[in-house]
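Given next are the chains, with one letter for each unit.
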Amino acid sequence: MIPAATAKYDWILAITTIAFVVSAFGNGANDVANAYATSVAARTLNMATAGVLAVFTEFIGAVAMGSRVTDTIKNGIIGIDRFEGKPGALMLAMGCAEIGSASWLMLATRMGWPVSTTQTIVGALIGVGFATQSSISWGWADGSVSQVAASWGIAPLVAAGFSAIIFGTVKYSVLERRDSLKWGMFMIPYYLAITGAILALFIVIEAPTAPSLEAFGAGKAAGIIVGVFVGCLFIGYAFFIPYFKRRLIMNDSRVRFYHIPLGPLLLKANPPLYFPGKADQAVVSYYEDAYGEVRAGQNDTEKENVLSNADSVTASPDIKAKPNPPQIGNDEEKTTPAAPPRKRHIEPTERFIDPVRHLSWANPQKTYGYLKWFFLQGVTRDVVSHDSPELRAIHARAHRYDDRVEHLWTYCQVVSAMMMSIAHGSNDVANAVGPWAAVYSTFHAGVVDTDSPTPVWFLVVAGLLLGLGFWFYGYHIVRALGNKITQMSPTRGFSVELGAAITVMLASRLGLPVSTTQCLTGASMGVALMNYDLGAVNWKQLGFIFCGWVLTLPCAGLVSGLICLLALNAPHL
């Protein structure tokens, strides 16, 4: 039975619920894309595969580990004492914050502006704080605005440092060494084991049954982590090394990732391959865009060791600079054949709708075509290529490494991307759930109630919406973040994702709702600077993203504050 004090405000709950759905969807579209943007840009995953993984990983992170930061959003930003005895006013304030957050997120995503969803909700809460004249926690305390704001500035730098260190170890232990494939085969089991151990550490310290590492027991946690490291190391040597030897050394294009369980059997002359692949080449070019062009490494002529590898059957294709275009009036121009047309990515409308556009609506093929467009248009777009002379010049200044060595790190990159997504689900689910949970609990209690535990089904719904937001609408941000800061590759993407994930994990453990956008952007900058060439970084894009960070908090606060102010002071009959 709903108490009489709040029963008349069921309309606020309904509007807030709608805003929550839009906010969680926009959160997924804008922030989940961060976790998988580098994997898609490096061609380790396609958008469809990343979309499926995102649904599962965001759900796991939100449901299993998302309640801790949700409490900070509900209680820590504005003073709840202002609303004592006025549960309807609290419901209105939190509802307006949800509306302001949802509005800004959808607008920013539509424009391809990767903003911080954490900044958005905190700014929205500050806006309603001003509108309701409630106290705002500015001082340095748990959950205060200053502490959250400090994490915005510190987190990108910390993530940049972690990612630069991680990529530096890969660069100098493998990529920059002569016979890099040999060293990569030697080191990859250890990187697989380290990645698995970090993931185990994350799960241990974030498990709902372990509110603190001390309560769980440091010795027990260390034992689990060491056990996972040793287990992953064994799996690396027993299953991955034979797979890599078959695919990269023996150049067997029939071998696919699902043949990894065959382990040592892959070393036989004629292994029992089930569902063999049919590709012409064992490894794709991870530096190639959707047009089939490679820009990276064109200014990298001094790295002869990258162009050939003594321990492998085939060498990476030579990197050649594009010739200068012929000048008008040059006689050679008349005899030079035209350049072959570039490969072209078929966009969703051309792929699904154009073939059935002429058909009658009574024809089921037309309905099927439009349904495919609706459900697949978000994961079938070209988000890798950027046909910009300026960006091509930036990519040309990035070092290019052997594609076979890059392939070794694709599996680490997928694991690190999944860990980043789980970390995002655990940290950023609060941005959408926090205000809705406060409205819901207050409505059912009849009094101001922001201390009740967040219901698990809230996190379930939010986790699903985060994944769906990426599936349908995340391509805008993947396109903006992927290759637009620097040239991505599996080793770089692995370093970016793992460094950012570690930063987000630490922040989530401390209850700080940091921005995954800022962590990933900082991590991308850190990896890009490891080229030791400022020209290999797209500073204009970084400035564009920074402007979004600056504008997000006041814009979200203005929208939510004005709506709340109008609602509180509106005349009524």
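Since the model is a prediction, treat every value here as computed from it, not as a measurement. (Residues numbered from 1 in each chain as written. Predicted model: local features only at pLDDT ≥ 70, side-chain atom pairs only at ≥ 80, totals over all residues. Heavy atoms only, no water.)

**A few points about the overall build of the protein**
Within the protein, the regular secondary structure consists of 22 helices and zero strands. In the protein, which comprises 573 residues, the proportion classed as buried is 56%. Of the contacts made within the protein by residues no fewer than 6 positions apart, 81% connect residues no fewer than 24 positions apart. Split by element, the accessible area of the protein, about 24,200 Å² in all, is 67% carbon and sulfur. (Helix = DSSP H or I, 4+ residues; strand = E, 2+ residues; numbered from the N terminus. Buried < 20%, exposed > 50% of the residue type's maximum accessible area, 1.4 Å probe, protein only. Contact = heavy atoms within 4.5 Å. Areas by Shrake-Rupley, 256 points an atom, 1.4 Å probe, with all protein chains shown as cover.)

**Thoughts on the UniProt feature "transmembrane region" (unreviewed entry) in the protein**
The UniProt record marks residues 12-33, 45-69, 120-141, 153-174, 186-205, 221-244, 456-473 and 542-568 with the feature "transmembrane region" (unreviewed entry), using the residue numbering of this structure. The distance from the first to the last C-alpha atom of residues 456-473 is 26 Å, and the span holds 100% helix and 0% strand. (UniProt positions renumbered as here; feature names shortened; annotations may be inferred.)

**Quick notes on the environment of Phe56**
Locating Phe56 in the fold gives a position in helix 3 (residues 47-65). The class of Phe56 is exposed, set by a relative accessible area of 56%. Taking the C-alpha atoms as reference, Phe56 lies 8.1 Å from Leu464; in sequence the two are 408 residues apart.

**Some details on the packing of aromatic side chains**
With the rule as written, the count across this model stands at 28 aromatic pairs. Between Tyr243 and Tyr411 the ring centres are 5.9 Å apart and the planes differ by 90 degrees, which places this aromatic pair in the edge-to-face class. Remark: Tyr411 occurs in helix 17 (residues 410-445) and Tyr243 occurs in helix 10 (residues 218-249); sequence separation between them is 168 residues. What links up through ring pairs into an aromatic cluster is the set Phe20, Trp436, Tyr440, Trp457 and Phe458. Positioned above the aromatic ring of Tyr475 is the side chain of Arg381, whose terminal nitrogen or guanidinium carbon lies 4.3 Å from the ring centre. (Phe/Tyr/Trp six-rings, centres within 6.5 Å; stacked < 30°, edge-to-face > 60°. Lys NZ or Arg CZ within 6 Å of the ring centre and 35° of its normal.)

**Some remarks on a nonpolar patch on the surface**
On the surface, Phe257, Tyr258, Tyr274 and Phe275 cluster together to form a nonpolar patch covering roughly 460 Å² of accessible area. By the element assignment, Phe257 lies in the loop between helix 10 and helix 11 (304-307). The class of Phe257 is exposed, set by a relative accessible area of 55%. (Patch = residues over 30% accessible without salt bridge, like charges linked within 9 Å, V, L, I, M, F, W, Y side chains within 5 Å. Salt bridge = Lys/Arg side-chain N within 4 Å of Asp/Glu carboxyl O.)

**What about the nonpolar core?**
Ile188, Phe244, Trp409 and Phe470 are the most contacted members of the largest nonpolar core, which has 125 residues in total. It is helix 17 that contributes the most residues to this core, 16 residues altogether. Formed by six residues, the second largest nonpolar core is a distinct cluster that contains Trp104, Trp113, Val115 and Ala556. (Core = buried A, V, L, I, M, F, W, Y, C linked by side-chain atoms within 4.5 Å.)

**Considering unusual backbone geometry**
A positive phi is found at Arg43, a non-glycine position, where the angle reads about 65 degrees. Considering the arrangement of structural elements, one finds Arg43 in the loop between helix 2 (10-41) and helix 3. Since its relative accessible area comes to 31%, Arg43 is described here as partly exposed. A positive phi is found at Asp179, a non-glycine position, where the angle reads about 60 degrees. Tracing the backbone shows Asp179 in the loop between helix 7 (145-175) and helix 8 (180-206).

**Some details on helix 10**
Phe240 marks where helix 10 bends most, by close to 40 degrees; the proline Pro242 follows one to four residues later. The positive-phi residue at the C-terminal boundary of helix 10 is Asn251, with phi of around 60 degrees. (Bend = angle between axes of the 7 residues up to and from the residue.)

**Some points on helix 18 (residues 456-473)**
Across its 18 residues, helix 18 extends 26 Å between first and last C-alpha, which sits within 8% of the 26 Å expected from 1.5 Å per residue. Residues of helix 18 that are buried: Phe458, Leu459, Ala462, Gly463, Leu465, Leu466, Gly467, Gly469, Phe470, Trp471, Phe472 and Tyr473. (Expected span 1.5 Å × (residues − 1).)

**Things to note about the side chain of Ser116**
Of note, Ser116 is situated in the loop between helix 5 (87-110) and helix 6 (117-132). Given a relative accessible area of 0%, Ser116 falls into the buried group. At 2.9 Å, the side chain of Ser116 and the backbone nitrogen of Gln119 are in polar contact. Residue contacts for Ser116: discarding those within four places in its chain leaves Ser515, Thr517, Trp549 and Thr552. (Polar contact = N/O pair within 3.5 Å; in protein donor to acceptor, adjacent residues only side chain to side chain.)

**Comments concerning the packing of helix 2 against helix 18**
With their axes 6 Å apart at the nearest point, helix 2 and helix 18 run at an angle of 60 degrees to one another. By the angle between their axes, helix 2 is oblique relative to helix 18. As for how helix 2 packs across helix 18, the hand of that crossing is right-handed. Side by side, helix 2 and helix 18 meet where Phe20, Val21, Ala24, Phe25, Asn27, Gly28, Ala29, Val32, Ala33 and Tyr36 of the first sit next to Phe458, Val461, Ala462, Leu465, Leu466, Leu468, Gly469, Phe470, Phe472 and Tyr473 of the second. In terms of residue class, the contact of helix 2 with helix 18 is made up of 17 nonpolar, three polar and no charged. (Axes fitted to C-alpha atoms, helices over the stretch in contact; angles between N-to-C directions. Parallel < 35°, antiparallel > 145°, perpendicular 65-115°, else oblique. Left-handed = near helix turned anticlockwise from the far one by under 90°. Nonpolar A, V, L, I, M, F, W, Y, C, P; charged D, E, K, R; others polar.)

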